[in-house]
Amino acid sequence: MNALALYGRYAMTSLRAQAQYPAATLMLTAGHCAATAIEILGVFALFDRFGPVGGWTFGEAALFYALVNITFSLADLLTRGFEVFGTDFVRTGAFDRVLLRPRAAALQLAGHEVRLSRLGRFVQAFAVLVLASHLVPIDWDAAAVATALWAVAGGVALFGGILILQATLAFWTVESLEIAHVLTYGGVQAAQYPLNIYAAWFRRLLTFGVPLACVTYYPALAILNRPDPLGAPGWLLPIAPVAGFAFLGLSLLAWRAGMARYASTGS
Amino acid sequence: MLQILVEALAKTYRVAERAPGLAGALRGLVRRRWREVHALADVSFSLEAGELLAFIGPNGAGKSTTVKILSGILRPTSGRVEVGGLVPYEDRIRHVARIGVVFGQRSQLWWDLPVIDGFDLLADIYRVEPTRYRHRRDELVAMLRLEPLLDQPVRQLSLGQRMRAEFAAALLHDPAILFLDEPTIGLDAPSKLAVRAFVRRLNREQGVTVLLTTHDMHDVEALAERVIVIGQGRLLADGPFASLRAGVLAERRLHVDFAGPAPELDLPRVTVRARTERSLELAFDPTDIPAPKLIALITASHAVEDVHVDEPAIEEVIARFYDLHDAHEA
């Protein structure tokens, strides 16, 4: 069985395990939906009080919000194994079990758990996307849909890369790794607003360091058919999400270095 | 055929030393001091296909480190290891596809899944061809009497039931070598016997090479023709258990029940280990005085109701061996 098919088997296995506790899964999903939906109210309150911010209407800002939240919800759904790698695998020794199986460790961790409750964020973000489409309004032609899907794919790769980096740190220290949340949850918060409202150094960080802007801001501009107020060339906007895949590639290189280290320390 | 080759194996861990308290933790962030721990130092042995070897030693002796290196999880500091022609830690994925591992303390199965679903998933992970898988699975289910458990989630199994399922899980891909790390720990007596019978059968009938670590000396007695004793990272003995016993504690024990009060005996090179009002436990070396001769000597001058001879318990032999080699837990 090839890697992708095996990943599918892992995913089904995880879903069946969660189906053993249907009420709990449903409650968690609803709770996650409610908890994350609060944030769009914050964005709305800001625009309601001050009017357009940085040249953007609430409807347009809602698109940024929806795009990054859809992206993050999917990444969060898929990367649980890496998120808990330090605490549930390295510290407990369960990682040895992973290494005893004749498959890439990263594949096994990716398949560790598909966390259904994360669909809560997806549902509310999708609702916001529908709302934004009406408010702007957005013309969802084939190009716009393709750009959106491509942006989400690049974004899932980027967040996946961040989680893999967090997991990689666990090879060196099993201390608390909350610092990665600055990049994930903090990144989502930052990318909910259009990039041009931020200071220059922060914009550069979100473009070249942790390229969140490349998977949300630039493709969203392409979907809205608007030029970048900061002057990025128009051809760049739809291809920017490739940066997410580049980030994931670099993360996997770091992961391999960590694996080599684990084999020589055993802890 | 040589299946496992270990030459001059050494493993040194660097452990960060940390002063106690918050101040110590902070100082540790700035400048760490390292201490070297030699988990293994110059261990060599080899194993033929079809052998059954028990690895014993006190806690912290280096047993787990050896098993981890042999199973490809850990890279040694120096030395050479080959298992079935592969270097485990250089070629992890190919290597682990050919071995089976059972940890007594750690489950390989999926907690929330029915046993059979875990087996199916493992077959896909190990790329076992479907008809071969079904054949092998049915064979193991029959040998381990798993039929009534297949539909139960693993979390509902008792420890004994779970260990049987663990054994099947480790063998679905038909490995030539099986590593067992304390496979009987925590099991009740019938489960221990079942595990030992199964391992023996696997070894004798299917020719699976078995390397087991254990603290349960009855495992050793029941299973292993060959024993390696390891202490403080060094190999202390390698051979049949009988020769280990002969070298360490050759004495036998004679238990005598007398018709009247137990007498004072004055026999050369025979010591009284224990006495009650009407019985004695004597220790003697059969090369000094054979058991029949000793019994004859005693029955000639005293009224005796019963005698029996036994050997020191295996635990006692091993403890004495550790004493001799100063190999207690560090």
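It should be emphasised that the depicted structure is a prediction, and the values quoted were computed from it without experimental measurement. (Residues numbered from 1 in each chain as written. Chains lettered and ligands numbered in written order. Predicted model: local features only at pLDDT ≥ 70, side-chain atom pairs only at ≥ 80, totals over all residues. Heavy atoms only, no water.)

Domain assignment breaks chain B into domain 1 (2-6 + 47-246) and domain 2 (250-311). For domain 1 of chain B and domain 2 of chain B, the distance between their C-alpha centroids amounts to 43 Å. (Domains from an automatic or database assignment.)

Residues and elements named next belong to chain B. Across 12 bridges, the pairing between strand S1 (residues 2-17) and strand S2 (residues 33-48) is antiparallel. Across the sheet, the residue bridging to Ile4 is Leu47, located in S2. Across five bridges, the pairing between S1 and strand S4 (residues 78-83) is antiparallel. Looking across to S4, one finds that Glu7 is bridged to Arg80. (Pairing = 2+ DSSP bridges. Helix = DSSP H or I, 4+ residues; strand = E, 2+ residues; numbered from the N terminus.)

Quick look at the sheet that holds strand S3 (residues 52-56) of chain B now. All names here are of chain B. One open sheet accounts for six strands, arranged S5-S6-S7-S3-S8-S9; its pairing is mixed. The open sheet has two edge strands with one neighbour each: strand S5 (99-103) and strand S9 (234-239). Averaged over all neighbouring strand pairs, the angle between strand axes comes to 15 degrees, with direction disregarded. Sheet topology places S3 next to strand S7 (residues 209-213); four bridges connect them, and they run parallel. (Axes fitted to C-alpha atoms, helices over the stretch in contact; angles between N-to-C directions.)

On to the packing of helix H3 (residues 58-78) of chain A against helix H13 (residues 217-224) of chain A, then. Residues and elements named next belong to chain A. Between H3 and H13, whose axes approach to 10 Å, the crossing angle comes to 130 degrees. Considering their axes alone, H3 and H13 lie oblique with respect to each other. Considering how the two elements wind past one another, H3 and H13 form a crossing that is right-handed. From H3, Glu60, Leu63, Phe64 and Leu67 reach across to H13, where they touch Tyr217, Ala220, Ile223 and Leu224. Class assignment of the residues belonging to the contact of H3 with H13 gives a composition of seven nonpolar, no polar and one charged. (Parallel < 35°, antiparallel > 145°, perpendicular 65-115°, else oblique. Left-handed = near helix turned anticlockwise from the far one by under 90°. Contact = heavy atoms within 4.5 Å. Nonpolar A, V, L, I, M, F, W, Y, C, P; charged D, E, K, R; others polar.)

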